[in-house]
Amino acid sequence: MTFQALQDWPLTGKSPVASVMILKPTKYRQNWMLLPGAGSTKVLKCNVYAGFTKERSLKETLFSSNINMCQNSSPAPERPSRCPDNTAFKQQKLPAWKPRLNAAVVLSTFLGIGFFCLAVGIALLLAVTSVKEIQINYSERCSDCSKLRENSSNWDKECLCFTNFTLLENMPGDIFMYYGLHNFYQNHRRYIHSRSDAQLLGRDVNIQNSNCAPFAVYKNGTPMAPCGAIANSMFNDTIDLFYYPNSATALQVPLLRRGNTWWTDKNVKFHNPTSHNLSSAFAGTARPPYWHKPAYLLDMEDEENNGYTNDDFIIWMRVAAFPTFKNLYCRLGRTSEFADGLPAGNYGLYISYNFPVTSFDGRKHVVLSTVTWTGGRNLFLGIAYIVTGAVTLLAGCVIAAVYLRCRKKTTESQINEEIKEDTTKK
């Protein structure tokens with residue numbers, strides 16, 4: 001700020017006393033000093049901090065030992081101030097609302113949140129309990145195939161296994177089939193990064209510079225398509241479901257292998273290379289080491305469900321956070337005998353066993369499940385809401401008890417003071 005006027009400059013010996021009247025603050029903070037010279041007085045302007053924002057007078061005693069640095073110096077150049085502009089926003093003077101918390105507001109808030117969370121949690125649990133689900137573990141049933149697959153030299157040998165199960169009651173509505181894995185850690189850091197998103201978008205990229213190694217190129221220089229550890233370890237068991245209305249009849253249950261992915265994955269994150277033919281688009285590349293067939297032949301029944309846009313491949317590329325997880329495999333085609341869902345009765349799973357799990361002490365299972373407005377069977381969200389609501393209600397009760405107790409003590413003390421005052425007056 002600039003002091004634009006100087007008043008009352010009495011000199012008392014060698015220690016001049018200056019009375020400075022600040023009339024109007026300006027952009028730069030400056031001060032004026034009156035210095036005694038030889039036979040005359042000299043006024044120098046020194047850049048010093050002056051933290052005055054209102055009109056008032058300043059009286060200081062200027063000692064000769066403290067003003068020598070200003071006597072022989074020339075006026076310093078004016079520099080911009082580091083202080084923020086004098087605006088309501090930068091000076092934090094904008095109007096704001098600050099709630100005034102009292103016992104009624106706090107208690108009503110705690111009780112309202114607690115009852116709301118309890119209601120939501122109970123509704124979620126009721127919806128989840130209405131989901132019908134059955135899980136079939138086929139790792140032990142297919143132990144012979146599992147041993148065969150542990151030897152990588154047997155990758156071209158087909159191994160089929162069969163397991164049956166019984167539905168005790170009808171499963172109405174939409175039915176979803178999942179495959180589940182136990183003790184398979186997809187959340188490993190190097191595993192998660194072992195992919196090429198540019199390649200999955202259908203671009204012509206040099207995958208040697210990507211994170212796909214060691215599943216990037218073969219020794220002869222042929223690139224893998226798709227590359228990376230995630231793609232190489234894709235789940236490749238084939239599962240067919242059969243229904244037995246009687247001991248002599250077997251009906252294959254229609255299963256839909258397309259339309260199971262997220263729209264953003266299918267249309268944004270994954271694209272096939274541009275070419276007049278999908279096989280020519282993958283020319284010059286080779287399948288990953290653990291795959292039985294190239295990417296453009298993943299679905300022999302549906303040509304449009306091949307390449308990087310294959311539904312099974314896209315679902316597998318969305319890695320799980322926990323070592324035990326399940327991925328969507330297919331949906332029930334609601335036609336003919338299965339228009340209303342799966343009827344109660346005997347069923348069988350025919351499995352082409354290709355995915356080994358014994359090396360990491362894993363297990364595989366198939367899950368058949370209905371869905372509700374909350375999704376599949378998952379108790380976590382409902383339990384979390386109920387626990388949150390219960391804790392909030394308990395906290396509200398504790399606060400209410402403390403408030404009532406303190407209020408009672410305050411009332412008693414006030415009464416005692418009034419009694420003492422009345423006694424004193426008498």
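Our structure's up above, just so we're on the same page.
What you are looking at is a predicted structure, and each value in this text was computed from that prediction instead of being measured.

About the cut-offs
Residues numbered from 1 in each chain as written. Predicted model: local features only at pLDDT ≥ 70, side-chain atom pairs only at ≥ 80, totals over all residues. Heavy atoms only, no water. Buried < 20%, exposed > 50% of the residue type's maximum accessible area, 1.4 Å probe, protein only. Helix = DSSP H or I, 4+ residues; strand = E, 2+ residues; numbered from the N terminus. Pairing = 2+ DSSP bridges. Salt bridge = Lys/Arg side-chain N within 4 Å of Asp/Glu carboxyl O. 1 Å grid on protein atoms, 1.4 Å probe; cavity = no way out; pocket = protein on both sides within 12 Å on 5 of 7 lines; lining within 4 Å. Points joined across faces, edges and corners; volume = space filled by probe spheres on them. Nonpolar A, V, L, I, M, F, W, Y, C, P; charged D, E, K, R; others polar.

K.L.:
Help me out: how do you make sense of the pairing of strand β5 (residues 133-137) in this one?
P.N.:
Along a regular strand, successive side chains alternate from one face of the sheet to the other. Burial along β5 is one-sided: the residues I134 and I136 are buried and none of E133, Q135 and N137 is. Sheet analysis places β5 next to strand β15 (residues 363-369), joined by 5 bridges and oriented antiparallel. What sits directly across from Q135, in β15, is V367.

K.L.:
Looking at this structure, how should I read the pattern of salt bridges?
P.N.:
Pairing of side chains with opposite charge becomes possible as their charged atoms draw close. All told, the structure shown has 11 salt bridges when counted by the stated rule. Its salt-bridge partner being K326, residue E133 comes within 3.7 Å of it at the nearest N-O pair. Highlighted residues: E133 in strand β5 and K326 in strand β12 (residues 325-332), separated in sequence by 193 residues. For E133, a relative accessible area of 34% translates into the label partly exposed. Overall, K326 belongs to the partly exposed group, its relative accessible area being 35%. D265 serves as the salt-bridge partner of R318, at 2.9 Å between the closest nitrogen and oxygen.

K.L.:
How should the layout of surface pockets be read in this particular structure?
P.N.:
Rolling a probe over the atoms, with the probe sized like a water molecule, indicates the empty space that remains. Taken as a whole, the largest pocket holds about 780 Å³ of empty space. If you trace the largest pocket, you find 27 residues lining it, with T238, R257, L298, D312 and Y329 closest to the centre. Of all the elements in the fold, those that place two or more residues in the lining of the largest pocket are β9 (238-246) and β11 (255-256). Among the residues forming the lining of the largest pocket, the class breakdown is 11 nonpolar, 7 polar and 9 charged. Taken as a whole, the second largest pocket holds about 630 Å³ of empty space. Looking at the lining of the second largest pocket, the elements that each hand over two or more residues are α3 (143-150) and α6 (229-232).

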